[in-house]
Amino acid sequence: MNRSLVEGLDLDTLAPGELHERWLHLVDDAMALPVRLPLMVARGGPGPVIGLTAAVHGDEINGIAIIHELFRKLDLRTLRGTVAAIPITNVSAFHRHQRYATPGYDLNHYFPGAAEGADIQVYAHRLLDRFVRHLDALIDLHTASRGRANCLYVRADMNQEETARMAYLQRPHVILHNPASDGTLRGAASALGVPAITVEVGNPNRFQSEYIRSSVVGLRAVLGERGMIPRRSVRLGPPPVLCASGTWLYTDSGGLLTVEPQVTDRVREGEVVAELRDAFGRSVRTYRAPFDGVVIGRAVDPVAITGSRILHLGRPAEQGAGFVRRADG
Ligand SMILES: [Zn+2]
């Protein structure tokens, strides 16, 4: 395998019908050595170029296994178009087993970055310039942050046909309508004309085989719908819950936190969802659901200071709310 260093995704240099593995050079370290990102390119016949990124947050690693598994399953003899993936995007953060390369600096808040500027700005800019702008669509794979758990959910602009279609094809538990906010890779890709969604797959620092498996099925559905791989009928789970918005509940006091509902559970307005106890075990506070909703994510670490996250509660979209919908969603 020719794993040479490349300065960008240049499809003209990659022969069709083959799987290519390269090291993508973005920036250099202090020994003047290139920081290298693994770049995987499954090059089929003419067709769309679908991009995948994982570990933009260095400890969110389910996406790495998802990309590896997807590529293992691709048949290069029948593939139309190209699948290009960076399974480890934030290399320094990945080495540190941490969300950020530098504490407090979230790469996913610095897009589109800048051609010249601080390290994180240049990193963001070059990722867009050397990879993302060559794509027809992007799927960015994340997980919950440390101390929290997520269901399998998609963040996407559900007013846009193409992103809505990709979101439904993932067959997640929940789709959260979320126009891409400033600074994110998803937002910067969209601004470049590359429709993008974020798939949030479970929890950080681990490989969760069930979530990985269903995410691969979802990605294959995206490729199948575009005619890149043969469409196969898959047994679908229940339709996703489409949420118009999501709200985090926070503690307004400190203590030891117990959260009752699990991810994907439905809760009713007024239902007790969490309790805080003091260092003597006595109840300090109870927290109730502010509206009827579905649990997208939740705290799993009981140690809570004032202002700790409790629950990420999705507010299901009303019928007729104007979002792009699928017949069964
Ligand atoms: Zn993330």
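Residues numbered from 1 in each chain as written. Predicted model: local features only at pLDDT ≥ 70, side-chain atom pairs only at ≥ 80, totals over all residues. Heavy atoms only, no water.

Enquirer: Can you walk me through the pattern of salt bridges in this structure?
Expert: Note on pairing: side chains with opposite charge can pair once their charged atoms come close. Taken as a whole, this structure holds 14 salt bridges when the rule is applied. Across the salt bridge formed by Glu162 and Arg226, the nearest N and O atoms sit 2.9 Å from each other. Here Arg226 lies in the loop between helix H6 (209-225) and strand E11 (241-250) and Glu162 lies in helix H4 (residues 161-169), a separation of 64 residues in the sequence. Judged by its relative accessible area of 27%, Glu162 is partly exposed. Linking Glu225 and Arg165 is a salt bridge whose minimum nitrogen-to-oxygen distance equals 2.9 Å. Linking Glu225 in helix H6 with Arg165 in helix H4, this pair joins segments that are 60 residues apart in sequence. Three or more residues joined by partner-sharing salt bridges are found here, namely Glu60, Arg99 and Asp106. (Salt bridge = Lys/Arg side-chain N within 4 Å of Asp/Glu carboxyl O. Helix = DSSP H or I, 4+ residues; strand = E, 2+ residues; numbered from the N terminus. Buried < 20%, exposed > 50% of the residue type's maximum accessible area, 1.4 Å probe, protein only.)

Enquirer: Looking at this structure, how should I read the domain arrangement of the protein chain?
Expert: Split into domains, the protein chain comes out as domain 1 (5-225) and domain 2 (244-316). The centre of domain 1, based on its C-alpha atoms, is set 30 Å off from the matching centre of domain 2. Note on domain 1 versus domain 2: buried area summed over both sides is about 1,000 Å², and carbon and sulfur give 69% of it. The largest contributions to the domain 1 side of the interface with domain 2 come from Arg148, Ala149 and Leu176, which together make up 44% of the buried area. If you look at where domain 1 meets domain 2, you find 4 residue pairs in polar contact (both at pLDDT 80 or more). (Domains from an automatic or database assignment. Buried area = accessible area lost by both parts, 1.4 Å probe. Polar contact = N/O pair within 3.5 Å; in protein donor to acceptor, adjacent residues only side chain to side chain.)

Enquirer: Which parts of the structure should I look at to understand H4?
Expert: Think of an α-helix as turning once every 3.6 residues; residues three or four places apart then point the same way. By the burial criterion, the buried members of H4 are Thr163, Ala164, Met166, Ala167 and Tyr168. Packing partners of the buried residues in H4 comprise strand E6 (137-142), strand E8 (152-156), strand E9 (174-177), strand E10 (196-201), H6 and E11. Where H4 ends, the next residue or the one after it, Arg171, has phi of about 50°, a positive value. (Contact = heavy atoms within 4.5 Å.)

Enquirer: Is there a simple way to explain the coordination of the zinc ion in this structure?
Expert: Perfect tetrahedral coordination of a metal by four donors corresponds to 109.5 degrees between them, and perfect octahedral coordination by six donors corresponds to 90 or 180 degrees. The coordination sphere of the zinc ion contains the protein donors His57 (ND1), Glu60 (OE), Glu60 (OE) and His142 (ND1), at a distance range of 2.0 to 2.6 Å. Considering all 4 donor atoms around the zinc ion, the spread of angles at the metal, 54 to 147°, places the coordination shape in the irregular class. Taken in sequence order, the residues that donate to the zinc ion follow the motif H-x2-E-x81-H. Of this pair, His57 sits in the loop between strand E4 (45-54) and helix H1 (62-73) while His142 sits in strand E6, placing them 85 residues apart in sequence. Judged by its relative accessible area of 4%, His57 falls in the buried class. (Donors = N, O, S within 2.8 Å, 3.2 Å for Na, K, Ca; no water. Tetrahedral: all angles 85-135°; square planar, octahedral: opposite > 155°, others 65-115°.)

Enquirer: I'm lost on the environment of Ala188 in this one. Help?
Expert: By secondary structure assignment, the location of Ala188 is in helix H5 (residues 185-191). Between the C-alpha atoms of Ala188 and Val49, which are 139 residues apart in sequence, the distance is 17 Å.

Enquirer: How should I be thinking about the sheet that holds strand E14 (residues 272-277) in this particular structure?
Expert: Adjacent strands of a sheet pair through backbone hydrogen bonds, lying either parallel or antiparallel. Pairing in this open sheet of 4 strands is antiparallel, and the strands run E15-E14-E12-E17 from one edge to the other. Strands with a single pairing partner mark the edges of an open sheet, and in this sheet they are strand E15 (283-288) and strand E17 (303-304). Relative to E14, strand E12 (residues 255-259) is paired through 4 bridges, and the arrangement is antiparallel. Residue pairing across strands places Thr258 opposite Glu275, the latter belonging to E14. (Pairing = 2+ DSSP bridges.)

Enquirer: I keep staring at the packing of H1 against H6 and nothing clicks. Help me out?
Expert: Across the interface, H1 lies against H6 with an axial gap of 9 Å and an inter-helix angle of 55°. Comparing their axes, H6 and H1 come out oblique. Taken as a pair, H1 and H6 cross one another with a handedness that is right-handed. Only Ile212, Ser215, Val216, Leu219, Arg220 and Leu223 of H6 make contact with H1, whose side of the interface consists of Asn62, Ala65, Ile66, Glu69, Leu70 and Lys73. Partitioned by chemical class, the residues of the contact of H1 with H6 number 7 nonpolar, 2 polar and 3 charged. (Axes fitted to C-alpha atoms, helices over the stretch in contact; angles between N-to-C directions. Parallel < 35°, antiparallel > 145°, perpendicular 65-115°, else oblique. Left-handed = near helix turned anticlockwise from the far one by under 90°. Nonpolar A, V, L, I, M, F, W, Y, C, P; charged D, E, K, R; others polar.)

Enquirer: Can you help me understand the packing of aromatic side chains in this one?
Expert: For any two aromatic rings, the description comes down to two numbers: the centre-to-centre distance and the angle of the planes. By the definition in use, this model includes 1 aromatic pair. Consider the rings of Tyr105 and Tyr110, whose centres lie 6.2 Å apart with planes at 35°: the pair is tilted. The ring of Trp23 has Arg36 lying over it, and the distance from NZ or CZ to the ring centre is 5.0 Å. Its end group placed over the ring of Trp248, Arg309 keeps NZ or CZ at 4.9 Å from the ring centre. (Phe/Tyr/Trp six-rings, centres within 6.5 Å; stacked < 30°, edge-to-face > 60°. Lys NZ or Arg CZ within 6 Å of the ring centre and 35° of its normal.)

Enquirer: In this structure, what is going on with a nonpolar patch on the surface? I would like to understand it.
Expert: Taken together, the side chains of Val217, Val234 and Leu236 make up a nonpolar region of the molecular surface, amounting to roughly 240 Å² of accessible area. Tracing the backbone through its elements, the reader meets Val217 in helix H6. When its relative accessible area of 39% is taken as the criterion, Val217 is described as partly exposed. (Patch = residues over 30% accessible without salt bridge, like charges linked within 9 Å, V, L, I, M, F, W, Y side chains within 5 Å. Areas by Shrake-Rupley, 256 points an atom, 1.4 Å probe, with all protein chains shown as cover.)

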